[in-house]
Each structure stands twice: as structure tokens, then as C-alpha cells.
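Letter by letter, the chains look like this.
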Amino acid sequence: MSASRRSGTTDELGPDEPERESSDGSDLLAALLDGMDAALCAFDADAVVTHWNREAERILGWTAAEAVGRQGFAGWAVRGADAAEVEGRLMSAMDASGRQVNEFALLTKDGGRVLVRTQSAAVRGPDGKPAGVYCAFSEVHAQIDLERSIALSEALLEDASWGVVLVDADLRPAVVNAHAAKAFGTGRTSVLGRPLGELLSQGVEELESALTHVLAQGAPPAPAEIWVSVREPEGDRRRCWRCGFVRLASPLAEEPVPLGVGWMFQDVTEVRQSEQEASLVRFRAQQLHRAARAAAECEDPAEAVTVHLDFALAGFADHALIDRVADRAADGGAGDAESAGRDHLVRIAATPSGVPGPSRLAGQAGLPVRYGQGHPALRCVERAGSVRADAGAVPAEEARAWAVSRQWPADAAHALCTVLRSRGRTLGAVTFLRGAGRNAFERPDAMYAEEVAHRIATALDLMGAAGRRE
């Protein structure tokens, strides 16, 4: 017995037509139905099963030989109490236009119950009148799983509060949700197919390495935090993304075929920056405390000055200089030391340039530093406040010339000059310098420098008092 009933087929043929042609057509139809992934069955106008494919056999357990020729589902595929309702709803498709969708509880051959969703439609005869009904059905839980998967995918791509990017096997975005496009600073369609290097200026290597690992070995056990710089028209924007990855493989292939990587990320920049700032504040407070304890052990106030300078440099700057206001009163100069020192500063301590080591005392000869007009250190003394200076985004040679012209080490690119004051008097200025590879000084840096300068100024005041006593 094939998947389609042969009895009654020859009745529809002309008296002179051979039965073999109909048999071949029936076998072809049976083969087509058996090759379908959906469960299919058909009924004639009297609700007798005429077709039953292998997928229907798989779901319910009834073979085509057992199903074809039965009157409806009563007594074998549905409970007796439900038989009339099920048959009525199925056969009502003969009089309806289009498809009808229903859900029924059917019985398997071993007595189990399966909830199925059916789509049924009328089959028209040669005269255009209804001649039966065909029905396609599938297990509802499989359909629900599919619908849930689709709904989840759509929700992730449309409503998720984090970035979702589907990256193909070439590591290029294939699908991007609105949140991810906003994080990239561009539209959803303009991101598609572009190399990640065109979207990010930093962090690309780390991100691509993670994606390649997921394609080859699967998702990592925990999220990864990656710092990136997003390319934007107004300049690169530094961000920290907490990333999760899943490998995508085709469910239709016998062997897993990689389709790409699902990349989900959340911007945690503000949290990480707050943590870094809090950690930096704690570290700097500890450095000030250590410097105070070490300076208290120094018998020479000049040594205490360099101790404060060395402790302040750790993680804060690459170089530091201390210039004191020259006292011209002893030379018969007019005015007090503060006013005279506006254009006359003497270097008394500096970190070694080019080699590591502690700060060194200098300026025993009392010769002034040849600062030009408007030098940041002079402006700092004149204003009795902090002054910041930067070489700017210039070539290395220009940045080197900028530093040398200001009597600073050649690798300096960012400067912060802070006034040294004690007991209402301006004693000089301390200058902190950073190289081109570091960030410029900001307001929190200036506040820390002012605290360091206060401690250095106190030591300088003691050093001056000791010198006067001598």
C-alpha cells in the first residue's frame, strides 16, 4: 500500500484509458508527498483518508497502509468524544475560501496524545466543485519553539537595551540592531559588510581574535571586557564594551556548518572609569601618606623636597622640575622676592632625564633658568595658580622642539605647572611633565598636584629657614 489510495482511481478514467498511466501518476504523487518535511494527509468528499505521507507516519506512528482508506480520524487517531468535532472542522474547509488553521489533540499509535496545528484547504475537482480536503500538520510544540526563536531574534534586534551584531564568517557585520548602530555612531545599513577596522581605530585586533576563537572553538565561558575606540567624524571615542559571544551553526546540516558569530555587548565605560578614578584616588592618597612618613625621617629639608617629588611621580608623570623664586634682596634688587621672582626662577631639583632614578638637587650656583616670556612656570608664579600646557597634535619633531624651547626634556608633550606657596608667600613652581604617549593633565590631576605642591612648599620653607640660620 502506497501513501495514496489506488482503489477508486480507475473509476475516474475513461473506459479506454489504461490503468498503468494512473498508477504511475499515483506513485509520483506518493513519492512527492513522502519527500516533504511537513506531515500531509488528504480526505475525499466523504472524509475518507486518501493520502498519508511518511512525516505523518513519524508524528503519529500510523503507517500509510493503516491510515489510507479509513473514515476520518474516529476510533484511531482521535478520541471518540472528539471525533465529530475534529472531522467537522477539517471538512469545513471544503466550503471555505483559503486555508483554515486549527489545533487538535491527536492520538499516536501507542496511545499517546500529540497536540498538532493543522492547515487545511479544499481540493477542487475537474468541474470546480469541492472534491476533498488536504491537510498539513505539525507538532505544536515544534511550531511554538520556532515562533519563540523568531520572536526572540526580533526582540534582540529591535528592543534589546544592548548591542547585538551578527558577524559572518568573514568577520563582517551581517545584521545589526539599533542599539549597536548607535554605539558605532552610524546607521544600521551603513555598518553591514564593512570590516571592523573601518568602524574601530583601537581594539580591533582583540575583538577579531575573540570572534575567530568563537568560530573555531565556541563561546568563551564568561563575558570579556574590551576597550575600543570608535571612529567618529569629530574624533575617536574611547569606550569599554562588555562582550558575550555565541557561535551560530546551521540546524539543517548533518554536520555543524558555521554561519558566523552572535556578538552581544553592553557599554560599561562609565562604570569602569568610575572604578579607575576611585582606584587612582586611593593610590594617590596612599602615595601622599607614604611620602609624608618618608619625609619625616629626613634630617635635611632639601632631601624631604626630593622625597615628596619622587613619591608624587609614581603613575602621575614622567618628569618633574622644581624652580624657586630667586631672592634678589641680598643683591640689592628692588622689591620683595615674590615680585622679583616673576622673571627670575632658579632650578633646585629635577628628575634625571633619559635614565631612571631619584630626583636630584640642583641650583647650588643660583643661576636663573632661561625661561622665555610667557613661559608656563612664570605664568604660574604670576597668577599664583596652576597652568597647563600641551604640544598638541603635531609631528614628533615639532613636539620635541616645543619641549626643548621651554627648557624641558625633549620627550615632554604635556605640562602642569603648580605654584609653591607657604605661609602666604610664593616660593616657586613645580612642573610635572608627561610624554606624548600619555593623556594630557586634567582637573583631577591639578588637584593632586596642588596637594603635592603644598607639601613641597612646606619643606622648601623649612629649607630656607635652615639656610638663613646658617
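Here, every reference points to the structure presented above.
Note that the coordinates shown come from a computational prediction; the quantities given were computed from them, not determined experimentally. (Residues numbered from 1 in each chain as written. Predicted model: local features only at pLDDT ≥ 70, side-chain atom pairs only at ≥ 80, totals over all residues. Heavy atoms only, no water.)

Right, let's get into unusual backbone geometry. In this structure, L171 takes a positive phi of about 65° despite not being glycine. In this structure, Q407 is a non-glycine residue whose phi angle is positive, near 65°.

Another aspect to go through is the pattern of salt bridges. Once the charged atoms of two side chains with opposite charge are near each other, the side chains can pair. By the definition in use, this model includes 19 salt bridges. Note that R347 is salt-bridged to D323, the shortest N-O span being 2.5 Å. Residue R347 is located in strand β13 (residues 345-350), and its partner D323 is located in strand β12 (residues 319-325); the two are separated by 24 residues in the primary sequence. This pair shows no difference in class: R347 is buried, exactly as D323 is. The salt bridge involving E450 is made with R443; its shortest N-O contact spans 3.9 Å. Take R443: its relative accessible area is 47%, and that puts it in the partly exposed class. (Salt bridge = Lys/Arg side-chain N within 4 Å of Asp/Glu carboxyl O. Helix = DSSP H or I, 4+ residues; strand = E, 2+ residues; numbered from the N terminus. Buried < 20%, exposed > 50% of the residue type's maximum accessible area, 1.4 Å probe, protein only.)

Turning our eyes to something else, we now look at the state of the cysteines. What makes a disulfide is a covalent bond joining the sulfur atoms belonging to two cysteines. Inspection of every chain in the model, using the stated rule, returns zero disulfides. Not part of a disulfide, C240 finds its nearest cysteine sulfur in C243, a span of 8.2 Å. For C240, a relative accessible area of 0% translates into the label buried. (Disulfide = S-S within 2.5 Å.)

Further remarks concern the environment of L106. For L106, the location among the structural elements is in strand β3 (residues 100-107). For L106, a relative accessible area of 2% translates into the label buried. Counting along the chain gives 28 residues from L106 to V78, while the straight-line C-alpha distance between them is 4.9 Å.

Moving on, we get to the pairing of strand β1 (residues 39-44). For β1, a buried count of six out of six residues is recorded, marking the element as mostly surrounded by other parts of the structure. Along β1, one buried face is formed by A39, C41 and F43 and the opposite face, lined by L40, A42 and D44, is buried too. Both β1 and strand β5 (residues 130-139) contribute to a ladder of six bridges, which runs antiparallel. Bridge assignment links D44 to a residue of β5, and that residue is G132. Bridge analysis of β1 against strand β2 (residues 49-52) gives three bridges, and the strand direction is antiparallel. Bridging from a neighbouring strand, A42 pairs with H51 of β2. The hairpin formed by β1 and β2 contains four residues between the paired strands, and A47 there has a positive phi angle of roughly 70°. (Pairing = 2+ DSSP bridges.)

Another point: the sheet that holds strand β4 (residues 113-124). Taken in spatial order, the five strands line up as β2-β1-β5-β4-β3 in an open sheet, and their pairing is antiparallel. Looking along the sheet, the strands with just one partner apiece sit at the ends: β2 and β3. In this sheet, adjacent strand axes meet at a mean angle of 30° when their direction is disregarded. Running at roughly 150° to β3, helix α4 (residues 80-91) makes contact with β1, β3, β4 and β5 of the sheet. (Axes fitted to C-alpha atoms, helices over the stretch in contact; angles between N-to-C directions. Contact = heavy atoms within 4.5 Å.)

We now examine the side chain of T108. Note that T108 resides in the loop between β3 and β4. Side chain to side chain, T108 and D110 meet in a polar contact 2.4 Å long. Residue contacts for T108: discarding those within four places in its chain leaves I59, L60, W62 and V114. (Polar contact = N/O pair within 3.5 Å; in protein donor to acceptor, adjacent residues only side chain to side chain.)

A few words now on helix α12 (residues 376-383). Listed as buried for α12 are P376, A377, L378, C380 and V381. Taken together, the buried residues of α12 touch β12, β13, β15 (387-390), β16 (412-422) and β17 (425-435). Residue A384 follows α12 closely and has a positive phi angle near 55°.

Moving on: the side chain of D44. Tracing the sequence through the fold places D44 in strand β1. Only 2.9 Å separates the side chain of D44 from the backbone nitrogen of D46, close enough to count as a polar contact.

This part is about α4. Helical geometry: 3.6 residues make up each α-helical turn, so side chains three or four residues apart lie on a common side. Compared with the 16 Å implied by 1.5 Å per residue over 12 residues, the 17 Å span of α4 between its first and last C-alpha is a close match. Among the residues of α4, D82, A83, V86, L90 and M91 are the ones counted as buried. The buried residues of α4 occupy an angular sector of 145° when projected down its axis, which confines them to one face. For α4, the exposed residues set more than 90 degrees away from the buried face come down to A81 and A84. Where α4 is buried, its residues meet β1, β3, β4 and β5. (Expected span 1.5 Å × (residues − 1). Arc of directions from axis to C-beta.)

This paragraph deals with the environment of R379. Along the polypeptide, R379 turns up in helix α12. R379 gets classed as partly exposed once you look at its relative accessible area, which sits at 27%. Here the alpha-carbon distance between R379 and T418, two residues 39 residues apart in the chain, equals 9.9 Å. Beyond its immediate chain neighbours, meaning those up to four positions away, R379 contacts G374 and V387.

Moving on to the packing of helix α9 (residues 269-296) against helix α10 (residues 301-313). Running from amino to carboxyl end, α9 crosses α10 at an angle of 160°, the nearest separation of the two axes being 9 Å. Looking at the two axes, α9 sits roughly antiparallel to α10. Classified by chirality, the crossing of α10 by α9 is right-handed. Across from Q287, R290, A291, A292, A294 and A295 in α9, the residues of α10 making contact are A304, V307, H308 and F311. In the contact of α9 with α10, the residues fall into seven nonpolar, two polar and one charged. (Parallel < 35°, antiparallel > 145°, perpendicular 65-115°, else oblique. Left-handed = near helix turned anticlockwise from the far one by under 90°. Nonpolar A, V, L, I, M, F, W, Y, C, P; charged D, E, K, R; others polar.)

Strand pairing in a sheet relies on backbone hydrogen bonds, with the paired strands running either antiparallel or parallel. If you trace the six strands from one edge of the open sheet to the other, you get β7-β6-β11-β10-β9-β8, paired in antiparallel fashion. Taken across any chain shown, the strands that pair with only one partner, and hence form the sheet edges, are β7 (173-176) and β8 (200-202). The sheet shows a mean angle of 40° between the axes of neighbouring strands, direction not considered. Relative to strand β9 (residues 224-230), β8 is paired through two bridges, and the arrangement is antiparallel. Residue pairing for β9: Q202 is matched across the bridge by S229.

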